[in-house]
Amino acid sequence: MEETKPKTVEDVETVDVYTAKGFLSTGHRYLDVRTNEEFAKSHVDDALNIPYMFQTNEGEVINPDFLPQVASVCKKDEHMIVACNAGGRGSRACVDLLNAGYEHVANMGGGYSAWVDAGFAGDKPPEDLKIACKFRPKEN
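Residues numbered from 1 in each chain as written. Predicted model: local features only at pLDDT ≥ 70, side-chain atom pairs only at ≥ 80, totals over all residues. Heavy atoms only, no water.

Chemist: I would appreciate a short explanation of the packing of aromatic side chains in the present structure.
Modeler: Any aromatic ring pair is given by two values, namely how distant the centres are and how the planes are angled relative to each other. In this structure the tally under the stated criterion is 4 aromatic pairs. Arranged with centres 5.4 Å apart and planes meeting at 85°, the rings of Tyr18 and Phe120 form a pair that is edge-to-face. With Tyr18 in helix H1 (residues 17-25) and Phe120 in the loop between helix H5 (111-117) and helix H6 (126-129), the pair connects residues that are 102 residues apart, well separated along the chain. A relative accessible area of 54% means that Tyr18 is categorised as exposed. Of the residues examined, Phe120 reaches a relative accessible area of 23% and is grouped as partly exposed. Feature note: the residues Tyr18, Tyr30, Trp115 and Phe120 constitute an aromatic cluster, connected by ring pairs. Here the guanidinium or amino end of Lys21 rests over the ring plane of Phe120, the centre of that ring lying 5.1 Å away. The aromatic ring of Tyr112 is capped on one face by Arg34, whose charged end is 4.4 Å from the ring centroid. (Phe/Tyr/Trp six-rings, centres within 6.5 Å; stacked < 30°, edge-to-face > 60°. Helix = DSSP H or I, 4+ residues; strand = E, 2+ residues; numbered from the N terminus. Buried < 20%, exposed > 50% of the residue type's maximum accessible area, 1.4 Å probe, protein only. Lys NZ or Arg CZ within 6 Å of the ring centre and 35° of its normal.)

And the structure:
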């Protein structure tokens, strides 16, 4: 029996926000892996929020219950769009999900910030909807 190699970031499918929006309209679930604080500020309608990482006094740590929490609300054959604020945590979460046997996960490139920038989050100013991210260039 051939052993399967663990998935890496290179194995993660990344889709842009327009593709993600289309997938959501056809029944894909939106798994928001941002912190509870980020999610509370603003989020995609009907999103599930399961943080991939937590901020602690020692810095960011991976949520040790991430996979069990996802398993409690998502089936391994469900189609999911995974997103964070800018794309990094979402991509790493996708790797963990793929390695846990989830078959249809895609990272939303640019994360929720790109969703807001595309105008999908409503009429409020972007600064009211998203958290500043050190990895995304500021708009001029």
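Chemist: Any chance you could explain the environment of Ala114 here in plain terms?
Modeler: Residue placement: Ala114 occurs in helix H5. Owing to a relative accessible area of 16%, Ala114 belongs among the buried residues under this scheme. For the pair Ala114 and Ala86, spaced 28 residues apart in sequence, the C-alpha to C-alpha distance is 7.2 Å.

Chemist: In this structure, what is going on with the sheet that holds strand S6 (residues 79-83)? I would like to understand it.
Modeler: Strand-to-strand pairing in sheets goes through backbone hydrogen bonds, with the strands running parallel or antiparallel. In spatial order, the strands read S1-S7-S6-S2-S3; together these 5 strands make up an open sheet with parallel pairing. Every other strand in the sheet has two partners, leaving strand S1 (13-15) and strand S3 (48-49) as the edge strands with one partner each. In this sheet, strand S7 (residues 104-108) lies alongside S1 in parallel orientation, the contact comprising 3 bridges. Each residue of the ladder has a partner; that of Glu13, found in S7, is Ala106. The strands that H1 touches are S1, strand S2 (29-32), S6 and S7; relative to S1, the one it contacts most, it runs at about 95°. Along the sheet, helix H4 (residues 88-99) makes contact with S2, S6 and S7, crossing S7 at roughly 170°. (Pairing = 2+ DSSP bridges. Contact = heavy atoms within 4.5 Å. Axes fitted to C-alpha atoms, helices over the stretch in contact; angles between N-to-C directions.)

Chemist: Sorry, what's going on with H1 here?
Modeler: Residues lying three or four places apart along an α-helix face the same way, a consequence of the helix completing one turn every 3.6 residues. Measuring from the backbone nitrogen of Tyr18 back to the side-chain oxygen at the start of H1 gives 3.1 Å, which picks out Asp16 as the cap. Trailing H1 by a residue or two, Gly27 shows a phi angle of about 105°, which is positive. (Polar contact = N/O pair within 3.5 Å; in protein donor to acceptor, adjacent residues only side chain to side chain.)

Chemist: I'm lost on the nonpolar core in this one. Help?
Modeler: Generally speaking, soluble globular proteins have nonpolar side chains that are buried together. One finds Leu31, Val33, Phe66, Val70, Val82, Leu97 and Val105 to be the most contacted residues of the largest nonpolar core, which totals 20 residues. Of all the secondary-structure elements, those providing two or more residues to this core are helix H3 (66-71), S6 and H4. In terms of residue count, H4 provides more of this core than any other element does, 5 residues in total. Core analysis: the next-biggest nonpolar cluster, separate from the first, contains 15 residues, Val15, Ile81, Tyr112 and Trp115 among them. (Core = buried A, V, L, I, M, F, W, Y, C linked by side-chain atoms within 4.5 Å.)

The values reported here are purely geometric and, on their own, carry no functional implication.
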